[in-house]
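Read off the chains here:
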Amino acid sequence: MTSSRSATVTLPTDEQILITREFDAPRHLVYEAWTTPELVKRWWHANRGEMTVAEIDLRVGGRWRYVMVADGGFEVAFHGEYREIVPNERLVSTEVYEAMPDAQALDTVTFAEENDRTLVTLLVQHTSKEHRDAHVESGMEDGLQDALDLLEQVAVSLR
Amino acid sequence: MIAAVPRAATTADAFNAVAEPRRRQILDVLAGGERPVNDLVRALGLAQPQVSKHLRVLRAVGAVDVRGDGRQRLYRLNGRALKPIHDWVKDYERTWSERFEQLDVVLEGLKKTEGGGGGDE
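Residues numbered from 1 in each chain as written. Chains lettered and ligands numbered in written order. Predicted model: local features only at pLDDT ≥ 70, side-chain atom pairs only at ≥ 80, totals over all residues.

Participant: Can you help me understand the overall build of chain A in this one?
Facilitator: Within chain A, the regular secondary structure consists of 4 helices and 8 strands. In chain A, the succession of helices and strands from N to C terminus is β-β-α-α-β-β-β-β-β-β-α-α. Taking all contacts inside chain A whose residues are at least 6 apart in sequence as the whole, residues at least 24 apart take part in 32%. (Helix = DSSP H or I, 4+ residues; strand = E, 2+ residues; numbered from the N terminus. Contact = placed C-beta atoms within 7 Å.)

Participant: Explanation requested: the environment of R48 of chain A in the structure shown.
Facilitator: Inspection of the secondary structure assignment puts R48 of chain A in the loop between α2 (37-43) and β3 (49-56). When the C-alpha positions of R48 of chain A and A70 of chain A are compared, they lie 5.6 Å apart, and in sequence the two are 22 residues distant.

Participant: What is the right way to look at the packing of helix α2 (residues 21-30) of chain B against helix α4 (residues 48-60) of chain B in this model?
Facilitator: In helix packing, the relevant descriptors are the interaxial angle and the interaxial distance, both defined with respect to the helix axes. All names here are of chain B. One can describe the packing of α2 onto α4 by two numbers: an axis separation of 10 Å at closest approach and a directional angle of 75 degrees. Comparing the axis directions of α2 and α4 gives the class roughly perpendicular. Contacts between α2 and α4 involve R22, R23 and I26 from the former and H54, L55, V57 and L58 from the latter. Residues that form the contact of α2 with α4 fall into these classes: 4 nonpolar, 1 polar and 2 charged. (Axes fitted to C-alpha atoms, helices over the stretch in contact; angles between N-to-C directions. Parallel < 35°, antiparallel > 145°, perpendicular 65-115°, else oblique. Nonpolar A, V, L, I, M, F, W, Y, C, P; charged D, E, K, R; others polar.)

Participant: Help me understand the sheet that holds strand β7 (residues 104-114) of chain A, please; the structure alone is not making it clear to me.
Facilitator: Pairing between the strands of a sheet is mediated by backbone hydrogen bonds and can be parallel or antiparallel. All names here are of chain A. Across the sheet, which stays open at both edges, the 8 strands sit in the order β1-β2-β8-β7-β6-β5-β4-β3 with antiparallel pairing between neighbours. With one partner strand each, in any of the chains shown, β1 (8-10) and β3 form the two edges of the open sheet. Mean inter-strand twist for the sheet, computed between neighbouring axes without regard to direction, equals 20 degrees. Note that strand β6 (residues 90-97) and β7 share 7 bridges and pair antiparallel. Opposite V96, over in β7, you have Q104 as the bridge partner. Relative to β7, helix α1 (residues 27-35) is tilted by about 155 degrees, and along the sheet it contacts β2 (16-23), β3, β7 and β8 (117-125). (Pairing = 2+ DSSP bridges.)

Participant: For this particular structure, what's the right way to read the interface of chain A and chain B?
Facilitator: For interface size, the figure often reported is the accessible area lost on association. Residue-level contacts link 33 residues of chain A with 31 residues of chain B. Mapped onto the side of chain A that touches chain B, the elements with two or more residues apiece are β2, α1, α2, α3 (129-137) and α4 (144-158) of chain A. By residue number, the principal contributor to the side of chain A that touches chain B is α4 of chain A, which donates 8 residues. Here the side of chain A that touches chain B is built from residues that sort into 23 nonpolar, 3 polar and 7 charged.

Participant: What's the story with the packing of α2 of chain B against helix α3 (residues 37-44) of chain B in this structure? I'm lost.
Facilitator: All names here are of chain B. Remark: α2 packs on α3, axes separated minimally by 10 Å, with the N-to-C direction vectors making an angle of 120 degrees. Here α2 is positioned oblique relative to α3, judged by the angle of their axes. Note that α2 runs across α3; the crossing there is right-handed. Side by side, α2 and α3 meet where R22, Q25, I26 and V29 of the first sit next to L40, A43 and L44 of the second. Among the residues making up the contact of α2 with α3, the classes are represented as 5 nonpolar, 1 polar and 1 charged. (Left-handed = near helix turned anticlockwise from the far one by under 90°.)

Fair warning: the whole summary comes from geometry, so function is off the table for now.
Here it is as structure tokens:
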């Protein structure tokens, strides 16, 4: 609660991911940084590579697409379609990780301002736990499989 | 509602095992310390066979350990088995934290532009 620097990620249900973070800026600026391609390119990479594509057609039914070339040389791409747009307040869009085209999520971002600070809440709604889990795993250095292998070793050792 | 009969996959890994809300509840109770099954039955308000069924799943993936103490069996949390789940979410959280740190930098720039430019639409 005291630290606004790190994102908080929780898994409220088997199909959801909830990400929250407070920013020291009014929400119209956070919204601008979130919806302007040149600005998105400067933060979305998360220091894991370079964003080569940030397309945002900000209207209901409009599409977005982000492509990043990760430091390892491989490309990761995401795209979706805007479903609901309330400027400076709320964005609803679909999201597809192009390596897993069957797993379409619905993302709801809300921007809530208080005292010149903005709380961003991003709810990712998947249609199955498997898709949700794969989403959390995307971009991980050590995959979920490594974790599962480790677990299996622990489980086997207890038999 | 999730059926009381576990799917085949539930014992395959801890991620599936803890996906069931009742099993998460058991882990929450055990986080407070070692407990006999009767305590869990009381805490969850379920019949003992159901609680035992959940405990079997949790034991199969190593999320809880059990030991005999006289006539009762005591269950306890095995934090080591749950660590991969914690790490799994933490890695994802780290990505977003770094993403948002970059966004902080972008916002500082926007604040300066707005403050200096003034009256900008």
